[in-house]
Structure formats: structure tokens, C-alpha cells
Amino acid sequence: MRTLCASTLIGEFFVIGFAGLVAMKSDDLSMGTVWTVCGIGMLLSVLLCGMITRPGGIQLGWALQVLLVLSGFFVPMMYILGVIFGALWWASVHYGRKIDEAKARWAAQAEAQESAQAPAQG
């Protein structure tokens, strides 16, 4: 799960940065505000890569997805990109958990085979 979620978050890092470039052209927002908000979002996306497996990491990822969609109020294209990345986040979490469960099953099977073969060899 960690690899899939981290890949999604790194993609969001770049999308947030590009959204900041687009938002800079808005007359309603100052450059300092845009880069403060985008910088926090970019930093959060990178920090979350290391926090995914810790308690609350997935929930913080969902909060970032909500903020990404809400950023559409300032950069309308972010509504679409936010929904797309929300779907990618869901898929990363959902299928990542399935992959982790399958890996655990395979490891348990391999361990059971090794322990069954060990007494036969001795």
C-alpha cells in the first residue's frame, strides 16, 4: 500500500505546484498567499509519503484529497484534478491493502512450507 499511496502523493506534489503557477495569475490572490498555501500542500504531500503506514496517515491523505478538490474554488481545473486524485487515492488504499494481504498470505504459505520441509530433512 505504501508504494501506491506514495506514488499518488508525489503526483499531487507536482499538481499542487502547477496549480500554484496558475493561481499566481489571479488578481484576487497575492503571490505570498498562493505560495504559502501551495507550499504547505506540497510539504504535506511529501511528508505523508513517510506517514502512510502510521496511525492517521490514511486519514490525513483523505484530508489532502478534500483540500485538493476545494482548491477548485481558486483554480477551477482543480475540481477535476482533485476528483481524479481522490479516485487514485481510493484505488491506492483499496488495492494496496489487497496487495499487502496477498503478500502476507504468500509469506505465511512459504513459512509453512519451510517448516514442513525442515523436519523431513533432519
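What comes next concerns the included structure. Please read these numbers as outputs of a predicted model, since none were measured by experiment.

Points about the packing of helix α1 (residues 2-23) against helix α2 (residues 31-51)
Move 1: The N-to-C vectors of α1 and α2 enclose an angle of 170 degrees; their axes lie 8 Å apart at closest approach. Judged by the inter-axis angle, α1 sits roughly antiparallel to α2. Contact residues: Arg-2, Ala-6, Leu-9, Ile-10, Phe-13, Ile-16, Gly-17, Gly-20, Leu-21 and Ala-23 in α1; Val-34, Trp-35, Cys-38, Gly-41, Met-42, Ser-45, Val-46, Leu-48, Cys-49 and Gly-50 in α2.
Move 2: The residue inventory of the contact of α1 with α2, partitioned by class, reads 14 nonpolar, five polar and one charged.

Considerations on a nonpolar patch on the surface
Move 1: Together, Val-66, Leu-67, Leu-70, Phe-73, Phe-74, Met-77, Tyr-79, Ile-80, Ile-84 and Leu-88 make up an exposed nonpolar region whose accessible area comes to about 990 Å².
Move 2: Within the residue set of the nonpolar patch, elements represented by two or more residues are α3 (57-70) and α4 (77-121).
Move 3: With five residues, the top contributor of residues to the nonpolar patch is α4.
Move 4: Mapped onto the elements of the fold, Met-77 is located in helix α4.

Brief notes about the environment of Arg-2
Move 1: Counting through the fold element by element, Arg-2 comes out in helix α1.
Move 2: Separated by 22 residues in the primary sequence, Arg-2 and Met-24 have C-alpha atoms spaced 33 Å apart.
Move 3: Excluding residues within four positions of it along the chain, Arg-2 makes contact with Cys-49, Gly-50, Ile-52 and Thr-53.

A short note on α2
An α-helical segment advances 3.6 residues per turn. Residues three or four places apart therefore align on the same side.
Move 1: Between its first and last C-alpha atoms α2 spans 30 Å; for 21 residues at 1.5 Å apiece the expected length is 30 Å, and the two agree.
Move 2: Buried within α2 are the following residues: Val-34, Cys-38, Gly-41, Met-42, Ser-45, Leu-48 and Cys-49. The buried residues of α2 occupy an angular sector of 125 degrees when projected down its axis, which confines them to one face.
Move 3: Where α2 is buried, its residues touch α1 and α3.

Points about α1
Move 1: Taking 1.5 Å per residue, 22 residues should reach 32 Å; α1 reaches 31 Å between its end C-alpha atoms and fits that length.
Move 2: Restricting attention to buried positions, one finds in α1 the residues Cys-5, Ala-6, Thr-8, Leu-9, Glu-12, Val-15, Ile-16, Gly-17, Ala-19, Gly-20 and Ala-23.

As for the packing of α2 against α3
The description of two helices packed together rests on the angle between their axes and the distance between the axes.
Move 1: The N-to-C vectors of α2 and α3 enclose an angle of 155 degrees; their axes lie 10 Å apart at closest approach. The orientation of α2 relative to α3 falls into the category roughly antiparallel. Here α2 and α3 pass one another in a crossing that is left-handed. Contact with α2, carried on its side by Gly-41, Leu-44, Ser-45, Leu-48 and Met-51, involves Gly-57, Leu-60, Gly-61 and Leu-64 of α3 and no other residues of that element.
Move 2: Residues of the contact of α2 with α3, tallied by class, amount to five nonpolar, four polar and no charged.

Quick word on the nonpolar core
Move 1: Judged by nonpolar contacts, the single largest core of 22 residues is most densely connected at Cys-5, Leu-9 and Ile-58.
Move 2: Secondary structure elements with two or more residues in this core: α1, α2, α3 and α4.
Move 3: Of all the elements, α1 adds the most residues to this core, at seven residues.
Move 4: Once residues lying within four places of it in the same chain are set aside, the contact partners of Leu-9 are Ser-45, Leu-48, Cys-49, Ile-52, Leu-64, Gln-65 and Trp-89.

Basis of the calculations
- Residues numbered from 1 in each chain as written.
- Predicted model: local features only at pLDDT ≥ 70, side-chain atom pairs only at ≥ 80, totals over all residues.
- Heavy atoms only, no water.
- Axes fitted to C-alpha atoms, helices over the stretch in contact; angles between N-to-C directions.
- Helix = DSSP H or I, 4+ residues; strand = E, 2+ residues; numbered from the N terminus.
- Parallel < 35°, antiparallel > 145°, perpendicular 65-115°, else oblique.
- Contact = heavy atoms within 4.5 Å.
- Nonpolar A, V, L, I, M, F, W, Y, C, P; charged D, E, K, R; others polar.
- Patch = residues over 30% accessible without salt bridge, like charges linked within 9 Å, V, L, I, M, F, W, Y side chains within 5 Å.
- Areas by Shrake-Rupley, 256 points an atom, 1.4 Å probe, with all protein chains shown as cover.
- Salt bridge = Lys/Arg side-chain N within 4 Å of Asp/Glu carboxyl O.
- Expected span 1.5 Å × (residues − 1).
- Buried < 20%, exposed > 50% of the residue type's maximum accessible area, 1.4 Å probe, protein only.
- Arc of directions from axis to C-beta.
- Left-handed = near helix turned anticlockwise from the far one by under 90°.
- Core = buried A, V, L, I, M, F, W, Y, C linked by side-chain atoms within 4.5 Å.

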